[in-house]
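The lines below spell out each chain.
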Amino acid sequence: MSLSSVSSTLDDDIHDTLDKQVNLYVDDDLKQPTIVNHTFLLRTIVELSNGTLHPKYLSFAAVRELIMNHPELANMLDVAWKNGSYRDIRNLAILQAPSSSTTEDQPAVTYTAMYKAFTSPYRGQAVDAFLQYLEHNNREFRYSIEGGPSNYYGKFCSVVQSSGTGKSRLLVELHTKGVVVLYMNLRSSDDQIGFPPRDEVPADILTTNAGLDAVDYCCRCCAFFAAVFTSVHEFLSAFGSSKDALQQWNASMCNLLSRDRKQFFATLRVKYERYYKKIKGNVRKDAAAVTNDKPSWLSISEEVEWVTKGMPGKKLMTRAYSDMVKSLDELFSGAERDKPRFVIALDDAQLLSIRGPEGYRPSTILCKAISAYSGADRADNHSVWVVFSSTALKMAHFAASEGYYDPAKISAEGRLIYPPYCQLGWDHRADPLEGTVATKVAQARHIIGYGRALWKSLQELYNIHDIMGVAISKLSGTSENKNLSLVVLSQRICLNVTLGHPEAVEFIESGVANHLRVCIAIADDHNWSFTTYPSEPFLSCAAASLLHAEGNLDNFLKALDVKILSGMVNVGKSGELASRLLWLLAKDLYVRRTPLQSLVIPAIDGQEWNSELADCQMISILDYFCFVFGDDFWDRTGKKARKAFKNAFVNFSHWVSMDENIWDSKNGDNQLETNEWTLRHWHRTSAVQCCHNQPLVDKMIPIYFNDCHGESDLSRVSQIFISDRAQRWSSENELDKITRDHDSIRCDSSRPWVAILADLGLRESEVKVKFSRNSAGGPCLRIYVAAISIKTFPFLCRSQQLLLMLQSIVIRERIPPNSRQHAQILQEQVRNVVDSAKGRVPRRLWVGTLGSSTDGFGSGMHMVIDKRMRDMCESVPLWIPDGEFESCYDEFCHQARPFLYITVLKGFLYATDRFYGLVSTMTKYFYESASFKQYRSINQRFADVIVENYHEGDITPIGFFLHVAFPSSEIFRCLSVRDSLLKGVLGADLVGFQTANYAGHFRQTVSRILEYESVPRSIQVEGPVALVSIGGEAEKEWRESAEGKKTKEKGRFVDVGVFPTGIDVHALREKKYNPEVQYWVQLLRQRYAGMKLIVGRGKLDEIQRVFHKIEAFEHFLKANPEFQGKVDLIQVALQTTESNELAGGDSAVVARIDSAFSTLTYQPVVFLHVQEVTFSQYLALLTVADAFMVTSLREGMALRMHEYVECQEERKRDFILSEFTGTYSYSGFRSCFAVNPYGTRGTAKAIYQALTMSDEEAASRWQDLHNHVVTQTAQAFVTSFLTRCLRAHTEHASLSIDPSLVPALDLPRLIPKYRHSTTRLVFVDLEGCLWVRDTSKSAMVEMMRTGKGPMVEPPEATMQVLEKLADDPKNAWQQDEWTV
């Protein structure tokens, strides 16, 4: 656009007035025509134009760019300044304000709206709360000086919060409390329309660090703070009294568009450049020395520590600070010694937390500089604080310098972050409860007042549709947002994200920074961030718009299902999540039963802000319940109920969670009456998810009666109270117990109310209703709902995906989490083993259970899952009733959710079975019971499914592999069902075990109990042994078949082999380099800096019980007091069915150790038996550990040792291993520290050796272990087992035809062994094998005539072979004697 002029819209008098204002505002310094002066003058003209000029030129960056692009504008400004008239400038077309809120001009409009909102009267008490917070911080810092512990090593803190919550205004408003506030905005230079505007001088200094190494940036930080302290000192010293100084400072510096503020930063830049040059000059000589002395192997964080230890410029910075506080003693001192005196506020500071190409975070060095001058002021402890304001959760995320304080006492975040969102402008623009008509709460003017102040700020210049667009845009974030479904659903349905999940960290951090998620608090160790979407109805309407856009509902529900399956989203324990989805989406679908033309329903009077938001509108409860339960619902209730609720309405648009009871007697009268509490939720269109401790009910939906009865809205509200259930048994009798006059509710309304008990976990669908006018608490409609189906909730026919989703969630809620966890772990173990051999297994078909309860699945859902599993997973689900499943596995096998997977392969069939129960010491399982019948029944079901899926031409070798220990025959013989179990196993062609000991136990057991002949590699079975379990029609038919009769006569062989399992090394290496793992590695190293870590992981059962390990660690601490406070044992305890029995005893030992050795900063044992540790966290623990301990009393291959070895590729540390594990039986693992778990002293000694051995010894031991791990892999296991299984089947098939047949010599196997052997024993069956006598008449005549011939002499060629064998010295029986 050229510098053309337009017709002026201002008359001459207005121009003259504006000219006088500009001339008064600027001074003679502008007479020197520089680019800075031109920029300041033009920006002043725009600011003092009464809004007629474009507001984007309130930004200095935009003005500077305009002048640079149009040099002639500088000449025009010179002429205007000399003449004292600026009307020609105002009439330039390029400067004119937009005439309408077009999309192109919306950023400018937003800037103007933000400016007006920022200068409007401040509402709320957030400033008072923040002032108290800073006082508390200073008190804590002072307390540490006087000898107490402290979480602070520098006077800085953070305000971390999402966009639009009022952070910037909060910081500036501190000046109204008598605080000197230096506010500086560091927003990106690309953002030219945001408000407050970017302060270019501090932003350029602190954020444009590209190309600077740590030394240069450290010099820059010290020079910056020195310039700040000197400039503030000079400014305030110019006034006679501290009061005048404070008033003048606040008038100049807290007006973010003032001239004095710009001049202050211009002065600061000059001082900064002078100080920076001086610091660089002073350290130039030392810089080379620092660079030369710096070890080349330092990491980035260690390099920062190396650089900041000397802190170039520290003396200059601390001297400037000291001069400021001493010369302004009246201002910086006072009776209230902890009250903040000077606050340096760095807003939009998230750029400081971004790691640059040089590898360091600017905040790390910046905060060390703050620590340096804070430490110099420890004697006087002046209350001077730096506050970082940011949307990034990692703001001020750094470690303390070890030279200053004990790192164990440092907390970079936690209490150091101002947490309460309600004090950051939340609801401050909401309409008061009094005077607001309850029937008009859906109006746009009312709804935008709730939540953050941003929405109300935009009201003056945006229409409601534009503001909705802004909300949708901010909630959605970037178009690549892979978690959009969680963002939208979280805002409305209170999704509970599992903190420890690998994806949770990214979701939470991006949610606060990019999706308006609110940060509540951050843990003291800054490992966890507590965030949520609190009640914000306008944003809920934006979320509803996204949720119900074309195709989004089903897609979002599918995405949510994936997150639930992965464990990222917690479904609750009694149907909470399913219930929230059910009731809210029912209302959404009711509102959209006919397509919405707009989210905003125009008002009858035509007033825009009287328009109503569709998702907040009142809907009749009569219509709502008909939609949910069916058109005949009110016919079932009776006329009295219909009449009672004739004028009742609901309006909820989202759910909000409570963290305490509706009424808590402990709080006394200092809480809302229930009616007012209900009305307030009606006003903000929210429904309530009660806390877990709330008796009787789980949810509350407000009801409003729009009739002529009642004098006030408080007397017109009522409630729908909902109680959720997810178990398999009915709770119908609990419905009558729900009452709203209970002490935890205390509702005294006389209006009709609704009580719903939802038994969502039942299979049989049912809805029962009854209405009582004389119920406790007033007339009550009681509704009992059983199961989630189209029969109970007819509206679900509109979304099959929603129906399946709700059913799936309830089933997951019903299953104990530990059972699900182990089922998934076991499933993954088998799948990983077979997946590792994909190239050798061209066709696979999985037959197995789903690993979860399935009783709640209807026949329709069976069909859907069957098809999906077949098409997508190459699987056939086996539908086993929950009762049978639990009886079989939880009772007979004595484990939590074991499973049986059988894989049909192209060419052979491979079976694997969890064979628990054999090592159980609980005698009640040693006798026949109904559970064994269930065990046989389930195995028979598997056999039947295999037969159904058998294809003509398949051959069926059967392999049975037991990956746990097999007991000795003395234990196994105690089982009354021993014969059946052994014969069932011997139905296989190959039986595999982890170790030779376990295989020997099996052969010995079969030999003693079944009296079958056993040889080292096989067992000769007499009589029939079928694939199916003993008994049943299948076996009977097989016995009567020709093959069965032949096998009965001749018997068969079963191979017994040893096949040690391993891990997929390649897959583990990929996982351990995952960014999530590296994040946890860094976090753990910071948390346990300077500590030795011993890590353990095992089940809380009698086999892997951790009791002996913990006792040994206790003995180690007692015997080696020098390690107390320096060694931590982190034990990850997996839950089992025995957990409740054993966790108590183990916890008692842990408590004893912690009570004996713990300090304020040291906890010797971290016992994780309740929290679930993700795989990423587990790999991180293995990576940072100094030793790993396994003290199992009996175990197969402890593959976690393999994982530990590979995770120690960098550190190369050893582990401590029980002699009773299968792993120890292999020579490759003999480089570990072997222990007898029963020997406490020996185990304690092994701990000491593992922690104190030299790095050279550790590396040597690790190399031996590593060589074994990379050769004994999962791929090697699969190949060897399946190859042996196929060969065994082929050999046995031939032997079953004629047992006298001996297979041909396998030369490819024999020759390599023969060539590499040192001593050989050769047995030769000469006659009848190598030589058959010639008994013909001619041969007999020759023998009688000569005494020789083929009748008495072997062939010459045969003898030559025997002589050649005899000449070989390795073929010796005793020295030179050779036996034939």
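Computed from a predicted structure; not experimentally measured. (Residues numbered from 1 in each chain as written. Predicted model: local features only at pLDDT ≥ 70, side-chain atom pairs only at ≥ 80, totals over all residues. Heavy atoms only, no water.)

This paragraph deals with the overall build of the protein. If you tally the helices and strands in the protein, you get 50 helices and 34 strands. When the 1380 residues of the protein are sorted by exposure, 56% land in the buried category. By sequence separation, contacts in the protein at least 24 residues apart represent 76% of the contacts at least 6 residues apart. With the model as given, the accessible surface of the protein reaches about 60,200 Å², and the carbon-plus-sulfur share is 51%. (Helix = DSSP H or I, 4+ residues; strand = E, 2+ residues; numbered from the N terminus. Buried < 20%, exposed > 50% of the residue type's maximum accessible area, 1.4 Å probe, protein only. Contact = heavy atoms within 4.5 Å. Areas by Shrake-Rupley, 256 points an atom, 1.4 Å probe, with all protein chains shown as cover.)

A few words now on the side chain of H1266. As for its placement among the helices and strands, H1266 is situated in helix α46 (residues 1255-1271). Given a relative accessible area of 11%, H1266 falls into the buried group. If we skip the residues at most four places from it in the chain, H1266 touches R1069, V1205 and E1206.

Here D759 lies in strand β17 (residues 753-759). One buried charged residue, D759, remains without a salt bridge, the closest side chain of opposite sign being R725 at 5.2 Å. (Lys, Arg positive; Asp, Glu negative; His and termini not counted. Salt bridge = Lys/Arg side-chain N within 4 Å of Asp/Glu carboxyl O.)

A full pass over the atoms with the stated rule returns 50 aromatic pairs. A ring pair is formed by Y272 and Y276, whose centres lie 5.8 Å apart and whose planes are at 25 degrees; its orientation type is stacked. A residue pair is termed a helical-turn pair when its members lie 3 or 4 positions apart in one helix, as Y272 and Y276 do in helix α12 (residues 259-293) at four residues. Judged by its relative accessible area of 8%, Y272 is buried. The ring centre of Y275 lies 5.3 Å from the NZ or CZ of R274, which sits over that ring. Above the plane of the ring of W1262 lies K1212, whose end atom (NZ or CZ) is 4.8 Å from the centre. (Phe/Tyr/Trp six-rings, centres within 6.5 Å; stacked < 30°, edge-to-face > 60°. Lys NZ or Arg CZ within 6 Å of the ring centre and 35° of its normal.)

Another point: the sheet that holds strand β29 (residues 1092-1099). Read from one edge of the open sheet, six strands run β31-β30-β29-β32-β33-β34, paired in parallel fashion. Only two strands of the sheet have a single neighbouring strand rather than two, namely β31 (1165-1168) and β34 (1233-1235). Pairwise comparison of adjacent strand axes, ignoring direction, gives a mean angle of 20 degrees for this sheet. Taken together, the three bridges between strand β33 (residues 1215-1218) and β34 define a ladder with parallel strand orientation. When the sheet's bridge partners are listed, L1217 is paired in β34 with A1234. Each of β29, β30 (1127-1134), β31 and β32 (1187-1190) touches helix α41 (residues 1107-1119); the most contacted strand, β30, lies at about 175 degrees to it. (Pairing = 2+ DSSP bridges. Axes fitted to C-alpha atoms, helices over the stretch in contact; angles between N-to-C directions.)

Taken together, the side chains of R274, K278, K315 and R319 define a basic patch exposed on the protein surface. Tracing the backbone shows R274 in helix α12. Its relative accessible area of 45% is what places R274 among the partly exposed residues. (Patch = residues over 30% accessible without salt bridge, like charges linked within 9 Å, V, L, I, M, F, W, Y side chains within 5 Å. Charge placed at Lys NZ, Arg CZ, Asp CG, Glu CD.)

Here the focus is the pattern of salt bridges. Scanning all chains against the criterion turns up 38 salt bridges. Between R198 and D204 there is a salt bridge; the shortest N-O distance is 3.1 Å. Of the residues examined, R198 reaches a relative accessible area of 15% and is grouped as buried. A relative accessible area of 25% means that D204 is categorised as partly exposed. E1206 is paired through a salt bridge with R1069; the nearest N and O atoms lie 3.4 Å apart. Of the two residues, E1206 sits in helix α44 (residues 1199-1207) while R1069 sits in helix α39 (residues 1065-1072), which places them 137 residues apart along the sequence. When salt bridges with common partners are traced through the structure, they connect E1111, E1114, K1118 and R1152 into a single cluster.

A few words now on the pairing of strand β2 (residues 180-185). Most of β2 is tucked away, with six of its six residues classed as buried. Neither face of β2 is open: one carries V180, L182 and M184, the other V181, Y183 and N185, and all of them are buried. Across six bridges, β2 lies against strand β3 (residues 342-347) in parallel orientation. Directly across from V181, in β3, lies its bridge partner V343.

Before going further, it helps to spend a moment on the confidence of the model for the protein. Scored by pLDDT, the protein comes out at a mean of 77, with 77% of its residues at no less than 70. Mean pLDDT across the secondary structure elements of the protein bottoms out at strand β22 (residues 900-905), with 28, and peaks at strand β12 (residues 648-650), with 97. Within the model, the stretch residues 287-308 combines pLDDT values under 50 with 27 contacts to residues more than four positions away or in other chains. Here residues 396-416 scores under 50 on pLDDT; set against residues more than four positions off or in separate chains, the count is 62 contacts. (pLDDT = per-residue confidence, 0-100.)

Whether parallel or antiparallel, the strands of a sheet pair through hydrogen bonds between backbone atoms. Strand order across the open sheet formed by four strands is β1-β4-β3-β2, with parallel pairing between neighbours. Across the chains shown, the open sheet's two edge strands, defined by having one partner strand only, are β1 (156-160) and β2. Each strand axis lies, on average, 20 degrees off the axis of its neighbour in the sheet, ignoring direction. Direction of pairing for β1 relative to strand β4 (residues 384-390): parallel, over a ladder of five bridges. Looking at β4, one finds that C157 is bridged to V387.

Across the two faces of β33 the burial is the same, with F1215 and L1217 and I1216 and S1218 all buried. The pairing of β32 with β33 spans three bridges and is classified as parallel. Counted as the bridge partner of F1188 is F1215 from β33. The parallel pair β32 and β33, bridged by α44, forms a crossover whose chirality is right-handed. (Right-handed = clockwise from strand over helix to strand, strands pointing away.)

We now examine the nonpolar core. The tendency in soluble globular proteins is for nonpolar side chains to be buried as a group. Judged by nonpolar contacts, the single largest core of 103 residues is most densely connected at W583, F625 and F645. For this core, the leading source of residues is helix α24 (residues 576-591), giving eleven residues. Contacts of F645, omitting those with residues within four sequence positions, involve I621, L622, W634, F705, P752, W753, V754, F771 and L781. Counting residues in hydrophobic clusters, the runner-up holds 64 residues, among them A227, V232, W249 and I344. (Core = buried A, V, L, I, M, F, W, Y, C linked by side-chain atoms within 4.5 Å.)

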